[in-house]
Amino acid sequence: MLVSCPFCKQKSTWEENPWRPFCCERCKMIDLGKWAMEDYKIPGENVDHSSTEEEKEEVDRREK
Ligand SMILES: [Zn+2]
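The structure displayed is predicted, hence computed values, not measured ones.

Peer 1: How would you summarise the overall build of the chain if you had to cite specific residues and measurements?
Peer 2: Looking only at helices and strands, the chain features 2 helices and 2 strands. If you list the helices and strands of the chain from N to C, you get β-β-α-α. A buried classification covers 3% of the 64 residues belonging to the chain. For the chain, the share of sequence-separated contacts (at least 6 apart) that also reach a separation of at least 24 residues comes to 6%.

Peer 1: Residue-level account of unusual backbone geometry, with values.
Peer 2: Omega for the bond connecting R20 with P21 falls within 30 degrees of zero, at 0°, which places this linkage in the cis form. Phi angles above zero are rare outside glycine, and K9 is one such case at about 65°. Turning to its location among the elements, K9 is positioned in the loop between β1 (2–4) and β2 (11–13). Residue class for K9 comes out exposed when judged on the 9 C-beta atoms lying within 10 Å of it. Of note, E16 is a non-glycine position whose phi angle comes to about 60°, a positive value.

Peer 1: Pulling in residues and values, what's your account of the environment of S12?
Peer 2: With respect to the secondary-structure elements, S12 resides in strand β2. Accessibility expressed as a C-beta count within 10 Å gives 18 for S12, which makes it partly exposed. If near-sequence neighbours (up to four positions away) are discounted, S12 is found in contact with L2, V3, C5, N17 and C23.

Thresholds applied
Residues numbered from 1 in each chain as written. Predicted model: local features only at pLDDT ≥ 70, side-chain atom pairs only at ≥ 80, totals over all residues. Helix = DSSP H or I, 4+ residues; strand = E, 2+ residues; numbered from the N terminus. Buried ≥ 20, exposed ≤ 12 C-beta atoms within 10 Å, placed from the backbone. Contact = placed C-beta atoms within 7 Å.

Structure representation (structure tokens):
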């Protein structure tokens with residue numbers, strides 16, 4: 001039975017293939033790494049400095 005690798009579309013045998021459905025270890029690792037990279041992205045990393053600036057202005061206004 002032949003299966004096409006989800007990563008590089010190369011045909012490989014399903015039987016006796018430890019990397020199935022990938023054609024080789026490299027394709028499997030790249031594909032797993034791709035998913036890991038996507039999981040690694042953390043949204044909201046940007047620190048919003050504008051709020052602290054506004055707080056400072058608020059304090060200034062109260063002091064005057
Ligand atoms: Zn492949």
